[in-house]
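# Observations on the model geometry
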Amino acid sequence: MSKTIEMIKVYKPYNEQEEKDKKFFIDCEESGQILTRENEKCHLTSSYFVLDKTHKKVLCTFHNIFKSWSNGGGHADGDDDMLYVAKKELNEETSLQNFKVLINQPISIDSVPVLGHFKRGKYVPAHIHLNVTYLFEADEEDEIKIKPDENSDIAWLTFDELISKSTELYMIPIYKKIIEKIENLNI
């Protein structure tokens, strides 16, 4: 059993969606390898949700494939430490060097549908990302850079701007859940 699934098993779901997704994560792990993209049906990903120092804005990228503003993240690609994956993806996708982890446990777990698409000239069939999101904080004044093969813009957006600019409709309830959880945290 993966370290990530062990963590998911003790994760306390926030709502019905997370309860059902928690069970889905565990079921997927029992049916086969979920740490790599070799499992074309469902595999682990890790995301970052980076707040500015006022906790009123979130660092977002404009994703090239999905043509939408979103928080960033990426595939586990065999790594079983989702916090490490989120930190690595944050640095790779934004060049952000100075950030801190606000909570060592996930702020959100979500089964995220991915439509079939082309990436680097190859077709990727529809599948599910078993996504774990971590909460970070960074200085809005620190240098950030796009990663042209993944995103075409980066910006600090207010929570309302993230909701209004996201064209991935299935992500909006996830963002609203994360924002609600942040507003209820004492950080």
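As a starting point, this report considers the structure included with it. Each chain carries its own residue numbering, running from 1 in the written order of its sequence. A pLDDT threshold of at least 70 governs which residues receive local features in this predicted model, and a stricter bar of 80 or more applies before side-chain atom pairs are shown or counted, although totals over entire chains, interfaces and linings include all residues. Heavy atoms throughout the structure, all of them, feed into the side-chain values; hydrogens and water do not.

## Looking at the environment of T45
Each helix corresponds to a stretch of at least 4 residues labelled H or I by DSSP, and each strand to a stretch of at least 2 residues labelled E; elements are numbered beginning at the N terminus. Mapped onto the elements of the fold, T45 is located in strand β1 (residues 42–51). Sequence separation between T45 and H55 is 10 residues; the distance between their C-alpha atoms is 24 Å. Any two residues whose heavy atoms approach within 4.5 Å at even a single point are treated as in contact. Those residues in contact with T45, other than ones at most four positions away along the chain, are G74, H75, A76, M82, H129, L130, N131 and V132. Looking at T45, its side chain comes within polar contact range of the side chain of N131, at 2.7 Å. For the purposes of these results, a polar contact is taken to be a pair of N or O atoms within 3.5 Å, where, inside protein, one atom must be able to donate a hydrogen and its partner to accept one; residues adjacent in sequence count only when each atom of the pair is a side-chain atom.

## So, the pairing of strand β6 (residues 108–114)
By the criterion of burial, β6 is predominantly enclosed, with 6 of the 7 residues buried. Between any two strands, at least two bridges found by DSSP are needed for them to pair. Pairing geometry for β6 and strand β9 (residues 127–138), over 7 bridges, is antiparallel. Within β9, the residue paired with D110 across the bridge is N131. For the exposure calls, accessible area comes from a 1.4 Å probe over protein chains only, and a residue counts as buried if that area is under 20% of its type's maximum, exposed if over 50%, partly exposed in between.

## Side note on the pairing of β1
Most of β1 is tucked away, with 10 of its 10 residues classed as buried. Going residue by residue along β1, you find C42, L44, S46, Y48 and V50 tucked away on one face and H43, T45, S47, F49 and L51 tucked away on the opposite face as well. Relative to strand β4 (residues 72–75), β1 is paired through 4 bridges, and the arrangement is antiparallel. Paired with S46 across the strands is G74, a residue of β4.

## With respect to the pattern of salt bridges
The rule for a salt bridge is simple: a side-chain nitrogen of Lys or Arg has to be within 4 Å of a carboxyl oxygen of Asp or Glu. In this structure the tally under the stated criterion is 14 salt bridges. Among the ionic pairs, E16 bridges to K20, the shortest N-O distance being 3.8 Å. Here E16 pairs with K20, and both are found in helix α2 (residues 16–31), just 4 residues apart, close to one helical turn. Here E16 and K20 have matching classes, each one exposed. Among the salt bridges present, the one from K88 reaches E89, with a minimum N-O distance of 3.6 Å. Residue classification places K88 among the partly exposed residues on the basis of a relative accessible area of 25%. Its relative accessible area of 7% is what places E89 among the buried residues. Salt bridges sharing common partners tie together E18, D110, K177 and K181.

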